[in-house]
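# Descriptive structure summary
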Amino acid sequence: MEIIVNGEARAATPMSMLELLRSLDIDPRRVAIELNHDILPKGEYESTILNDGDRIEIVHFVGGG
Amino acid sequence: MSTTNDKLIIAGREFSSRLMVGTGKYASNEQMVAALEASGAEIITVAVRRVNITDRSKESLLDFIDTKKYTLLPNTAGCYTADDAVRTCRLAREAGMSDMVKLEVLGNEKTLYPDNEELLKAAKILVKDGFTVLPYTSDDPIVCKKLEDIGCAAVMPLGAPIGSGLGIRNPYTIRIIMETVKVPVIVDAGVGTASDAAIAMELGVDGVLMNTGIAGAQNPIAMAEAMNLAVRAGRLAYRAGRIPKKLYATASSPIEGMIE
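Computed from a predicted structure; not experimentally measured. (Residues numbered from 1 in each chain as written. Chains lettered and ligands numbered in written order. Predicted model: local features only at pLDDT ≥ 70, side-chain atom pairs only at ≥ 80, totals over all residues. Heavy atoms only, no water.)

## Observations concerning the overall build of chain B
Summing up its helical and strand segments, chain B has eight helices and ten strands in all. At 20 Å, chain B has a C-alpha radius of gyration in line with the 18 Å of a compact globule built from 260 residues. Considering only C-alpha atoms, chain B reaches an extent of 85 × 40 × 35 Å along its principal axes. Of the contacts made within chain B by residues no fewer than 6 positions apart, 64% connect residues no fewer than 24 positions apart. Accessible surface, chain B as shown: approximately 12900 Å² in total, 52% of it carbon and sulfur. (Helix = DSSP H or I, 4+ residues; strand = E, 2+ residues; numbered from the N terminus. Rg over C-alpha atoms; globule rule 2.2 N^0.38 Å. Contact = heavy atoms within 4.5 Å. Areas by Shrake-Rupley, 256 points an atom, 1.4 Å probe, with all protein chains shown as cover.)

Rendered as structure tokens:
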């Protein structure tokens, strides 16, 4: 299956959001995630299984004014 | 009279410093941390951006910022529609666990002037959604009143375009805004040097927000301290009450007792 992470298509096997974050070496505490345009609460990363075609935005805080 | 018992209150939260600073454009995270410290600011703005998933070597901003010491104010910089701004605020709330946001919806890239139609639309949605909304807006009393009526916790009119360093170009509209709204008025954008910040504060505004004025200075840490002093000096001068301006001189020394 294929998912879109931050605008980039990626091949993926069925896994949870938490597993995806781990595979990307991302600390779940430091990010916020939108799954198909809706906020995915932090408590649901482990129970949320990714599906083919999912669009995922993973964001964090950077310097800004 | 001092600045210690003179708190800035935004949506029921008290702050001792009336200077808010951004975290962008610094040469390094270490320089940013030193500048934040020198500024005395308690509220600092941050931007919300995609994590770089291909290069994870970059350090995270939050590795450098003590979130117990600073209140993070996520912004919606770079958003040109109400929809994008609202999405960004929701992500920011999820990332930061706080509902206070600096809302900006831009009109075009050249001026970075706000698109007030989209700004008002986004503000309505966010206030309904429980956010504490601090909107960056043009220095327009009518728009500021509408933002207050919607339920924004403050209004943040620009002094001059973002990053321009042109100073407070229209102190009269800022004064009219202060007379028009009851929520705090924070001058956001345009400050180029310490006197600009002092001028804003002497008008009686509740605070000043800046980023480039500090981060873009040749010595950002020294400029952060200068801004810290200027905001406090301007505030004290406003509260002290300046003398009226007159065309002709008034002697400071007594006229009686002159030698003959």
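## As for the UniProt feature "active site" (unreviewed entry) in chain B
Taken from the UniProt record, the annotation "active site" (unreviewed entry) applies to B:Lys102. Mapping B:Lys102 onto the fold places it in strand β6 (residues 100-103). In contact with B:Lys102, other than residues within four places in its own chain, are A:Gly65, B:Thr45, B:Leu73, B:Pro74, B:Asn75, B:Thr76, B:Leu134, B:Tyr136, B:Met156, B:Asp188 and B:Leu209. (UniProt positions renumbered as here; feature names shortened; annotations may be inferred.)

## Quick notes on the interface of chain B and chain A
Counting residues at the interface gives 31 residues for chain B and 27 residues for chain A. Summing both partners gives a buried area of about 2600 Å² for chain B against chain A, and 60% of it is carried by carbon and sulfur. Considering only the side of chain B, the residues that lose the most area to chain A are B:Arg50, B:Ile53 and B:Glu94, jointly responsible for 26% of the buried surface there. The interface formed by chain B and chain A holds three salt bridges in total. At the junction of chain B and chain A, the tally comes to 16 residue pairs in polar contact (both at pLDDT 80 or more). If you list the elements that add at least two residues to the side of chain B that touches chain A, you get β4 (43-50), β5 (71-74) and α2 (82-96) of chain B. Per element, the largest residue contribution to the side of chain B that touches chain A is seven residues, and it comes from α2(B). Across five bridges, the pairing between strand β5 (residues 55-63) of chain A and β4(B) is antiparallel. The residue bridging A:Val62 from the neighbouring strand is B:Ala47, located in β4(B). (Buried area = accessible area lost by both parts, 1.4 Å probe. Salt bridge = Lys/Arg side-chain N within 4 Å of Asp/Glu carboxyl O. Polar contact = N/O pair within 3.5 Å; in protein donor to acceptor, adjacent residues only side chain to side chain. Pairing = 2+ DSSP bridges.)

## As for the packing of aromatic side chains
Applying the stated criterion to the full structure yields zero aromatic pairs over all chains. Above the face of the B:Phe131 ring, B:Arg93 is positioned so that its terminal group lies 3.9 Å from the ring centre. (Phe/Tyr/Trp six-rings, centres within 6.5 Å; stacked < 30°, edge-to-face > 60°. Lys NZ or Arg CZ within 6 Å of the ring centre and 35° of its normal.)

## Description of unusual backbone geometry
You will see that A:Asn36, though not glycine, has its phi angle at about 50°, which is positive. Relative to the helices and strands, A:Asn36 is located in the loop between β3 (32-35) and β4 (38-40). The phi dihedral of B:Ala11 falls on the positive side, at around 50°, and the residue is not glycine. Among the secondary structure elements, B:Ala11 is positioned in the loop between β1 (8-10) and β2 (13-15).

## Some details on the packing of helix α1 (residues 29-39) of chain B against helix α8 (residues 220-240) of chain B
Residues and elements named next belong to chain B. Where α1 meets α8, the closest approach of the two axes is 7 Å, and the angle between their N-to-C directions is 20°. With respect to their mutual orientation, α1 and α8 come out roughly parallel. Here the hand of the crossing between α1 and α8 comes out right-handed. Contact with α1, carried on its side by Gln-31, Ala-34, Ala-35, Ala-38 and Ser-39, involves Pro-220, Ile-221, Ala-224, Glu-225 and Asn-228 of α8 and no other residues of that element. Grouping the amino acids of the contact of α1 with α8 by side-chain chemistry returns six nonpolar, three polar and one charged. (Axes fitted to C-alpha atoms, helices over the stretch in contact; angles between N-to-C directions. Parallel < 35°, antiparallel > 145°, perpendicular 65-115°, else oblique. Left-handed = near helix turned anticlockwise from the far one by under 90°. Nonpolar A, V, L, I, M, F, W, Y, C, P; charged D, E, K, R; others polar.)

## A few points about the pattern of salt bridges
All names here are of chain B. This structure, assessed with the given rule, holds 15 salt bridges over all chains. Its salt-bridge partner being Lys-69, residue Glu-37 comes within 2.4 Å of it at the nearest N-O pair. Of this pair, Glu-37 sits in helix α1 while Lys-69 sits in the loop between β4 and β5; the two residues are 32 residues apart in sequence, bridging distant segments of the chain. By relative accessible area, which is 46% here, Glu-37 ends up partly exposed. What makes Lys-69 partly exposed here is its relative accessible area of 40%. Measuring nitrogen to oxygen at the nearest pair gives 3.0 Å for the salt bridge that ties Asp-188 to Lys-102. Pair noted here: Asp-188 is in strand β9 (residues 186-188) and Lys-102 is in strand β6, with a separation of 86 residues, a long-range link. Each of Asp-6, Arg-18, Arg-235 and Arg-239 takes part in a single network of salt bridges with overlapping partners. (Buried < 20%, exposed > 50% of the residue type's maximum accessible area, 1.4 Å probe, protein only.)

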